Amino acid sequence: MPDHQRHPDGHIGSLVISALFVLMGIIALYDTTGYSDRDSQVFPRTVAIMMILTAGLSLITRFLHPSDSGGFGTGTWWRRVLLVVAMFAGCLAIPHIGFLASGAIAFAGGLIAAMHDRWTPITALLYAGCGAAVMIAFLALFRYVLHVPLP
Amino acid sequence: MEFGHFLSALTPFNLVLALFGVVAGTVVGSIPGLTATMALAVLVPITFSMDPASALILLGAIYTGAIYGGAYAAILLNTPGTPSAIATTFDGYPMAKRGDGDLAVALACFASVVGGLVGAFSLLLLAPPLSKVALAFGPIEYFWLSIFGLSLIASLSTGNLMKGLAGGAFGMLLSTVGVAEVSADIRLTFGSQMLVGGFGVIGALIGLYCIPVLIDLVATPDRHLKMEEDVRSVRIGEAFRIAARSKINLIRSSVIGTLIGILPGAGGSVAGLVAYSEAKRTGKPHQKFGEGEPDGILATESANNATVGGGFIPTLVLGIPGTPPDAIVLGALLVQGVRTGPTMFSQSGSIVFTFIYGLLIATVLMLPAGLLIGRYAYKSIVNIPKAVLVPTVGFMTIIGTFSIRNSVTDVILMLGLGVFGWVVGRFGFAASPIVLGLILGPIAEQGFVQGWTIGSATGNLFGMFFGRPISQGIIAFTLITLILPLYTARRRRRKEREQT
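Residues numbered from 1 in each chain as written. Chains lettered and ligands numbered in written order. Predicted model: local features only at pLDDT ≥ 70, side-chain atom pairs only at ≥ 80, totals over all residues. Heavy atoms only, no water.

**Quick word on the overall build of chain B**
Item 1. Of the regular secondary structure elements, chain B holds 22 helices and 2 strands.
Item 2. Relative to the compact-globule value of 23 Å for 500 residues, chain B shows a C-alpha radius of gyration of 22 Å, a close match.
Item 3. Dimensions along the principal axes, computed over C-alpha positions, put chain B at roughly 70 × 65 × 55 Å.
Item 4. Going through the 500 residues of chain B one by one, you find that 64% of them count as buried.
Item 5. Of all intrachain contacts in chain B linking residues separated by at least 6 positions in sequence, the fraction that spans at least 24 positions is 79%. (Helix = DSSP H or I, 4+ residues; strand = E, 2+ residues; numbered from the N terminus. Rg over C-alpha atoms; globule rule 2.2 N^0.38 Å. Buried < 20%, exposed > 50% of the residue type's maximum accessible area, 1.4 Å probe, protein only. Contact = heavy atoms within 4.5 Å.)

Structural data, given as structure tokens:
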């Protein structure tokens, strides 16, 4: 599990997330009214009510007894954002440029995001070479051994 | 059960097949997204030209190796390689983070071997009577079994019970997204074509467990796993002593795994969760489950490997596959012209017993093979620079998720769920209850709706849900699991008050 740094924003964040769960429960409950069969309704409706109740209780408890647990903690934000954006960009590009090129986008983004040491020509070449080898090996395994139709 | 069958299983060809199967299965199982089912489906054509017993030995060895292989990614990357290894992440990753990953890998290997042997011996000695257990379980028993699994949320959410329950409910709601199995209604898609296929369990597992770890890893320059100054080999002696000390836990979890393996549709993930729950319930006060407790790994890994032998019981005796990999083995048997059923043990005894002995041998071979692979897996993960590890794992999550249904949508959902899991995880909504809900939700829904329909039709709804002996037993265990921790905590608080 990720370490949870103590942070004053934890209280507000916890309230917001609890409220979000309540909202999602209400939306799910509303969605169940459109099902044609009672068998399809009963389970999601029960679960949605349970989610509203438990998240609502969590919201009330946190509101009445504020605590500072949770929060986004320390760390560099641009690295987190770069990793996520690169992975999303890579996925969205798969149908257009194929798996290898889109995998390279995701890999490059992850490499830059995770590199905390100073870049040197040797590390750049070495890590890029490792990335190419890993991607080609996995592509070969999935495409030719496991017969996965990679775009 | 003649000695000749044992010797047939010991031929050099069968031994090579067993070793190859275990190694191949372990490697495949360790890659997030690749499951035992996929490994078997890919390799099943090569068995068509073999004699039936050898073919079964190869398939059984791949299956058992893949279930064990799931533990590597669970321990070293916090990503269950297979759904069976979900509960292995609870204590495995904390152990790896504090520098005990080598010990955790060795414990997983010992536990898998013990569980595999208990399952295989049950198949050898008790298959016909145990197969009746599968028939005794109706939809209501499945419903209560899933509720028992969900009761684990209470113990996983210490101090955050409401958040844990809300997370569990969210997971169950996620499991209902897409086309309803019972009545084919389209649920919770809000008109989006992307969501019609629903959330795949494996993609969701990868997203919820792996993506948050990657997001946290890139943010700081800290090492991904603590590295000891003197890099030790896998700590076999220490792991053996711990396993020997926890023999009751090992045997109990293996029996749980065997029994749950017998139940069609339940599988290794449910077995691992139930065994973990039991280990935690019966654990000593000083044991800190969820923070790197070796008994957690022993319970999960022995239970999930015991489902292999357990799952073959209804497959061979009744022709009912217990899990998807069992279904593939059943298909392979049909191709070979072998008919499963109650008479299989008498009519095709040489095939069945040679296969069971082969499974036993493959399980024993898993010990050296698993420890050797584990040693290199641990050393590689510890020594690889974080800058290379993060994008490599990221690439594996993308290709692994894509390969399940050949769908880019699944990859996008996996990533979206991962980011969501990271955000809510920072505020006390842990991933594990969501995953529990997602996995157990469909079992609970199917059992609940079928039970409700039968109960309504017979005019005995209360009796249907609460009047059946097996259901009553599971309900009793569920209540004990829920109430006992509260009672113990209350008693401890009272003692502390009296002392002060």
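Still more ground to cover, so stick around.
**Focus on the packing of aromatic side chains**
Residues and elements named next belong to chain B.
Item 1. Inspection of the entire model under this criterion finds 24 aromatic pairs over all chains.
Item 2. Relative to F465, the ring of F143 has its centre 5.8 Å away and its plane inclined at 85°; by these criteria the two rings are edge-to-face. Placement of F143 in helix α7 (residues 139–150) and of F465 in helix α21 (residues 461–466) is noted, with a sequence separation of 322 residues between them.
Item 3. A residue is classified by how much of its surface remains accessible, and F143, at 9% relative accessible area, is buried.
Item 4. Assessed through its relative accessible area of 6%, F465 is described here as buried.
Item 5. Measuring from centroid to centroid gives 5.1 Å for F170 and F420, while their planes differ by 35°, and the two rings are tilted. (Phe/Tyr/Trp six-rings, centres within 6.5 Å; stacked < 30°, edge-to-face > 60°.)

**Quick notes on the environment of A:A19**
Item 1. Structurally, A:A19 can be placed in helix α1 (residues 10–32).
Item 2. Measuring from C-alpha to C-alpha, the distance between A:A19 and A:S58 comes to 9.1 Å, with 39 residues separating the pair along the chain.

**Quick look at the packing of helix α6 (residues 101–136) of chain B against helix α12 (residues 247–262) of chain B**
Residues and elements named next belong to chain B.
Item 1. In contact at an axis separation of 8 Å, α6 and α12 are set at 45° when each is read in the N-to-C sense. Between α6 and α12, the angle is such that the two are oblique. As α6 packs across α12, the resulting crossing turns out to be right-handed. Facing α6, whose interface residues are A111, V114, G115, V118, G119, S122, L130, V133 and A134, α12 presents L250, S254, V255, T258, L259 and I262.
Item 2. Of the residues in the contact of α6 with α12, the class split is 10 nonpolar, 5 polar and no charged. (Axes fitted to C-alpha atoms, helices over the stretch in contact; angles between N-to-C directions. Parallel < 35°, antiparallel > 145°, perpendicular 65-115°, else oblique. Left-handed = near helix turned anticlockwise from the far one by under 90°. Nonpolar A, V, L, I, M, F, W, Y, C, P; charged D, E, K, R; others polar.)

**Here we look at the side chain of B:S112**
Residue and element names in this part refer to chain B.
Item 1. As for its placement among the helices and strands, S112 is situated in helix α6.
Item 2. Reaching out from S112, the side chain makes a polar contact with the side chain of E301 at a distance of 3.2 Å.
Item 3. Contact partners of S112, with chain neighbours within four places excluded, come to Y68, E301, S302, N305, T363 and M366. (Polar contact = N/O pair within 3.5 Å; in protein donor to acceptor, adjacent residues only side chain to side chain.)

**Let's talk about the nonpolar core**
Item 1. Residues A:F99, B:L123, B:F312 and B:L316 are the most contacted members of the largest nonpolar core, which totals 128 residues.
Item 2. Apart from the residues lying within four places of it in its own chain, the contact partners of B:F312 are B:G60, B:Y63, B:L123, B:V317, B:D326, B:V329, B:F355 and B:L359.
Item 3. One finds A:V22, B:A275, B:A279 and B:F465 within the second-largest nonpolar core, a separate group that totals 72 residues. (Core = buried A, V, L, I, M, F, W, Y, C linked by side-chain atoms within 4.5 Å.)

**With respect to unusual backbone geometry**
Residue and element names in this part refer to chain B.
Item 1. The residue F190 is not glycine, and still its phi comes out positive at about 55°.
Item 2. Here F190 lies in the loop between β2 (186–187) and α10 (201–219).
Item 3. You will see that N406, though not glycine, has its phi angle at about 50°, which is positive.
Item 4. Position of N406 among the secondary structure elements: in the loop between α18 (386–405) and α19 (408–425).
Item 5. Of the residues examined, N406 reaches a relative accessible area of 39% and is grouped as partly exposed.

**Concerning the environment of B:F20**
Item 1. Within the secondary structure, B:F20 is located in helix α2 (residues 12–30).
Item 2. C-alpha of B:F20 to C-alpha of B:T488: the two residues are 468 residues apart in sequence and 48 Å apart in space.

**Quick look at the side chain of B:T64**
Item 1. Looking at where B:T64 falls in the secondary structure, it is placed in helix α4 (residues 52–77).
Item 2. In this structure, B:T64 is in contact with B:V22, B:N305, B:V308, B:T363 and B:M366, ignoring residues within four places of it in sequence.

**Looking at the interface of chain A and chain B**
Item 1. On the chain B side, the residues contacting the 76 residues of chain A number 74 residues.
Item 2. At the boundary of chain A with chain B, total buried surface from both sides reaches about 6400 Å², with 79% on carbon and sulfur atoms.
Item 3. Here chain A and chain B share 11 residue pairs in polar contact (both at pLDDT 80 or more) between them.
Item 4. For the side of chain A that touches chain B, the elements supplying multiple residues, two or more each, are α1, α2 (38–64), α3 (77–114) and α4 (121–145) of chain A. (Buried area = accessible area lost by both parts, 1.4 Å probe.)

**Focus on α4(A)**
Residue and element names in this part refer to chain A.
Item 1. In this model, α4 (25 residues) spans 35 Å end to end at C-alpha, consistent with the 36 Å of a helix rising 1.5 Å per residue.
Item 2. Of the positions making up α4, those classed as buried are T123, Y127, G131, V134, M135, F138, L139 and F142.
Item 3. Just downstream of α4 lies H147, where phi reads positive at about 55°. (Expected span 1.5 Å × (residues − 1).)

**Things to note about the pattern of salt bridges**
Residues and elements named next belong to chain B.
Item 1. What the rule picks out here adds up to 6 salt bridges over all chains.
Item 2. One salt bridge in this structure joins E141 and R468, with 2.7 Å as the shortest N-O distance. Note that E141 is positioned in helix α7 and R468 in the loop between α21 and α22 (469–499), a separation of 327 residues in sequence.
Item 3. Residue E141 is classed as buried on the basis of its relative accessible area of 1%.
Item 4. A salt bridge links R281 to E278, with the nearest nitrogen and oxygen atoms 2.6 Å apart. With R281 and E278 both in helix α13 (residues 267–281) and 3 residues apart, this pair spans about one turn of that helix. (Salt bridge = Lys/Arg side-chain N within 4 Å of Asp/Glu carboxyl O.)

**Notes on the packing of α10(B) against helix α20 (residues 431–458) of chain B**
Two quantities define a packed helix pair, namely the angle between the axes and the distance from one axis to the other.
All names here are of chain B.
Item 1. Closest axis-to-axis distance for the α10/α20 pair is 10 Å, and the angle between their directions is 175°. Here α10 lies roughly antiparallel to α20, going by the angle between them. For the pair α10 and α20, the contacting residues are V201, A204, L205, L208 and Y209 in the first and A431, S432, I434, V435, L438 and I439 in the second.
Item 2. For the contact of α10 with α20, the class distribution of residues is 10 nonpolar, 1 polar and no charged.

The values are spatial; any link to function lies outside them.
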